Amino acid sequence: DTEVTQTPKHLVMGMTNKKSLKCEQHMGHRAMYWYKQKAKKPPELMFVYSYEKLSINESVPSRFSPECPNSSLLNLHLHALQPEDSALYLCASSQVDLGLAGHNEQFFGPGTRLTVL
Amino acid sequence: AQSVTQLGSHVSVSEGALVLLRCNYSSSVPPYLFWYVQYPNQGLQLLLKYTTGATLVKGINGFEAEFKKSETSFHLTKPSAHMSDAAEYFCAVSRGTNAGKSTFGDGTTLTVKP
């Protein structure tokens, strides 16, 4: 199974709502990522988890809260978002590169299209 | 620090023509280089990657790229464009250390004309 799944596909929420995005992979990857992508732009890294521990936070506002409950699952909890947070949110996973041949190609999910009203 | 520059935000070719998408990188250490493709409303899919070894890398869907250290380039080519190749293409560079940061270029939109 070389697939990363994301739910929901689309999400519309108000600025006072709390919602969560979910991501799942069964490739045995121990690194998982959240990206935000605006239209016609490259993905912007938000968070990286390595062995279920947060290893990179790219100064993301606290209204975004990641969680990695186990090695297969990654959540992104959303609270009090702003309209400018509307974007495609991509999850990805990869092997953790142990300094050998370089295995950290990332496998991306299809994304969640988020609209904040 | 590492960075990627994709020359040409839009490239248009005729069906059957050569596809050439340009990518130049900057890295203080030997880089790992990737090309990803993104179709509308989808995630990114890896086309090919260069880590070490052979500098001409073959990928999926007939694409290939050549790592040229002297030119700090990793251009993507395909001999004959197909309508299904129309998509957004991203070049990315990574230092490959642990689970880390890949730096993406701004992307190139490929249009294929019939």
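Look up: the structure comes first, before these words.
Please read all numbers here as calculations on a predicted model, not as lab measurements. Residue positions are given per chain, counting from 1 as you read along its sequence in written order. Both sets of labels track the order of writing: A upward for chains, 1 upward for ligands. Where local features are concerned, this predicted model is filtered to residues with pLDDT of at least 70; where side-chain atom pairs are given and counted, the filter is 80 or more; whole-chain, interface and lining totals use all residues. For the side-chain quantities, the full set of heavy atoms in the structure was used; hydrogens and water were omitted.

**So, the pattern of salt bridges**
A side-chain nitrogen of Lys or Arg and a carboxyl oxygen of Asp or Glu constitute a salt bridge if their distance falls within 4 Å. Within this structure, the stated rule accounts for five salt bridges over all chains. Of the charged contacts in the structure, one is a salt bridge between Glu105(A) and Lys49(B), with a shortest N-O distance of 2.7 Å. Of this pair, Glu105(A) sits in the loop between strand 9 (87–94) and strand 10 (107–108) while Lys49(B) sits in strand 5 (residues 44–50), which puts the two residues in different chains. Strands are runs of DSSP state E lasting at least two residues, helices are runs of H or I lasting at least four, and both sets are numbered from the N terminus onward.

**What about the side chain of Ser93(A)?**
Residues and elements named next belong to chain A. Within the secondary structure, Ser93 sits in strand 9. Look at Ser93 and you get buried, because its relative accessible area is 0%. Within polar-contact distance, the side chain of Ser93 engages the side chain of His29 at 2.8 Å. Contact between two residues is taken to exist if any of their heavy atoms lie within 4.5 Å; hydrogens are not considered. Leave out the neighbours within four places in its chain, and Ser93 touches Val4, Gln25, Met27, His29, Ala31, Met32, Tyr33, Glu105, Gln106 and Phe107. Note on classification: 1.4 Å probe, protein chains only; a residue is buried when its accessible area is under 20% of the maximum for its type, exposed when over 50%, partly exposed between these limits. Whenever a nitrogen or oxygen atom comes within 3.5 Å of another N or O atom, the pair is scored as a polar contact, on the condition that within protein one atom can donate a hydrogen and the other can accept it, and that pairs from neighbouring residues in sequence are kept only if both atoms are in side chains.

**Thoughts on the nonpolar core**
What tends to happen in soluble globular proteins is that the nonpolar side chains get buried as a cluster. Here, nonpolar core means buried Ala, Val, Leu, Ile, Met, Phe, Trp, Tyr and Cys residues that are tied together by side-chain atoms lying within 4.5 Å of each other. Of all hydrophobic cores here, the largest spans 26 residues; its most connected members are Trp35(B), Leu48(B), Leu76(B) and Tyr89(B). Broken down by secondary-structure element, the contributors of at least two residues to this core are strand 2 (10–14), strand 3 (19–26), strand 4 (32–38), strand 5, strand 7 (64–68), strand 8 (73–78), strand 9 (87–94) and strand 11 (108–113) of chain B. If you look at the next biggest cluster of nonpolar residues, it comprises 23 residues, including Leu11(A), Met13(A), Tyr89(A) and Cys91(A).

**Considerations on the sheet that holds strand 1 (residues 4–7) of chain A**
Residues and elements named next belong to chain A. Reading across from one edge, 1-3-8-7 is the order of the four strands in this open sheet, with antiparallel pairing throughout. The open sheet has two free edges, formed respectively by strand 1 and strand 7 (64–70), since each of these has just one partner strand. Shown here is a sheet whose adjacent strand axes are inclined to one another by a mean of 20°, direction ignored. When DSSP finds two or more bridges between two strands, those strands count as paired. Here four bridges tie strand 1 to strand 3 (residues 18–25), and the two strands are oriented antiparallel to one another. The partner of Gln6 across the bridge, within strand 3, is Cys23. Comment: axis = line fitted to C-alpha atoms, over the contacting stretch for helices; angle = value between 0 and 180 degrees taken between N-to-C directions.

**Things to note about the interface of chain A and chain B**
In many analyses, interface size is given as the accessible surface area lost on bringing the parts together. Of the residues lining the interface, 29 residues belong to chain A; the matching set on chain B comes to 23 residues. By buried area we mean the combined loss of accessible area, with a 1.4 Å probe, across both parts when two parts are placed together. With both chains or domains summed, chain A and chain B bury close to 2000 Å², and 49% of this area falls on carbon and sulfur atoms. One can count one salt bridge joining chain A with chain B. Taken together, the connections running from chain A to chain B amount to five residue pairs in polar contact (both at pLDDT 80 or more). Counting only elements with at least two residues in the side of chain A that touches chain B, the list comes to strand 4 (31–37), strand 5 (44–50), strand 6 (53–57) and strand 9 of chain A. Among the elements that make up the side of chain A that touches chain B, the one with the highest residue count is strand 4 of chain A (four residues). Note on residue classes: Ala, Val, Leu, Ile, Met, Phe, Trp, Tyr, Cys and Pro are nonpolar, Asp, Glu, Lys and Arg are charged, and everything else, Gly too, is polar. A breakdown of the residues in the side of chain A that touches chain B according to their chemical character gives 15 nonpolar, eight polar and six charged.

Functional significance is not addressed by these values, which are geometric in nature.
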